[in-house]
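# Residue-level structural notes
For reference, the chains in residue letters:
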Amino acid sequence: MAKGYTQIFGLDYGDTFSPVAKMVSVRLFIAMAALQQWSLYQLDVKNVFLNGDLQEEIYMEQPPDFVAQEQSSGLVCRLRKSLYGLKQSPRAWFENLAMLFNNLV
């Protein structure tokens with residue numbers, strides 16, 4: 001997990017985003033689906049935040065047990081995809097999801 005708690009607002013990231021559905025909205029959606037006899041499907045993605053493309057340049061230290069190509073352990077990695085723990089991860093994932101839905105419509 002990345003050390004997102006060390007990130008500074010305005011310097012390392014501009015904004016965060018976390019889409020949350022209220023329980024009242026979920027109940028309303030399920031009630032409407034039952035009335036209209038729609039099929040409902042549930043999807044639980046355990047690695048969802050690993051699928052977001054980052055807009056900013058983010059670097060992180062290598063994990064403790066990982067050394068790339070027999071080099072010194074003082075190197076850093078440039079992230080291309082988001083990781084759990086980054087402040088940008090929810091926003092990056094939601095942008096990919098929104099783009100997918102826009103392409104379907």
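Just above sits the structure.
In this text the structure is predicted, and so the values were computed from the model without any measurement.

## Quick notes on the pattern of salt bridges
Under the defined criterion, the tally for this structure stands at three salt bridges. Two residues, lysine 81 and aspartate 53, come together in a salt bridge whose shortest N-O distance is 2.8 Å. In this pair, lysine 81 sits in strand β2 (residues 76-81) while aspartate 53 sits in strand β1 (residues 53-61), placing the two residues 28 residues apart along the sequence. Taking relative accessible area as the criterion, lysine 81 reaches 41% and is therefore assigned partly exposed. Two residues, arginine 91 and glutamate 95, come together in a salt bridge whose shortest N-O distance is 3.7 Å. In this pair, arginine 91 and glutamate 95 are both assigned in helix α2 (residues 89-104), four residues apart and thus about one turn of the helix distant. On the basis of relative accessible area, glutamate 95 is assigned to the partly exposed category, the value being 32%. Among the charged side chains, a network of salt bridges with common partners joins Glu56, Arg91 and Glu95.

## Observations concerning the environment of glutamate 56
Mapping glutamate 56 onto the fold places it in strand β1. Once the C-alpha coordinates of glutamate 56 and leucine 79 are considered, the two residues, 23 residues apart in sequence, prove to be 9.2 Å apart. In terms of polar contacts, glutamate 56 uses its side chain to reach the side chain of arginine 91, at 2.9 Å.

Rules of the game
- Residues numbered from 1 in each chain as written.
- Predicted model: local features only at pLDDT ≥ 70, side-chain atom pairs only at ≥ 80, totals over all residues.
- Heavy atoms only, no water.
- Salt bridge = Lys/Arg side-chain N within 4 Å of Asp/Glu carboxyl O.
- Helix = DSSP H or I, 4+ residues; strand = E, 2+ residues; numbered from the N terminus.
- Buried < 20%, exposed > 50% of the residue type's maximum accessible area, 1.4 Å probe, protein only.
- Polar contact = N/O pair within 3.5 Å; in protein donor to acceptor, adjacent residues only side chain to side chain.

On their own, these measurements won't tell you what the molecule is for.
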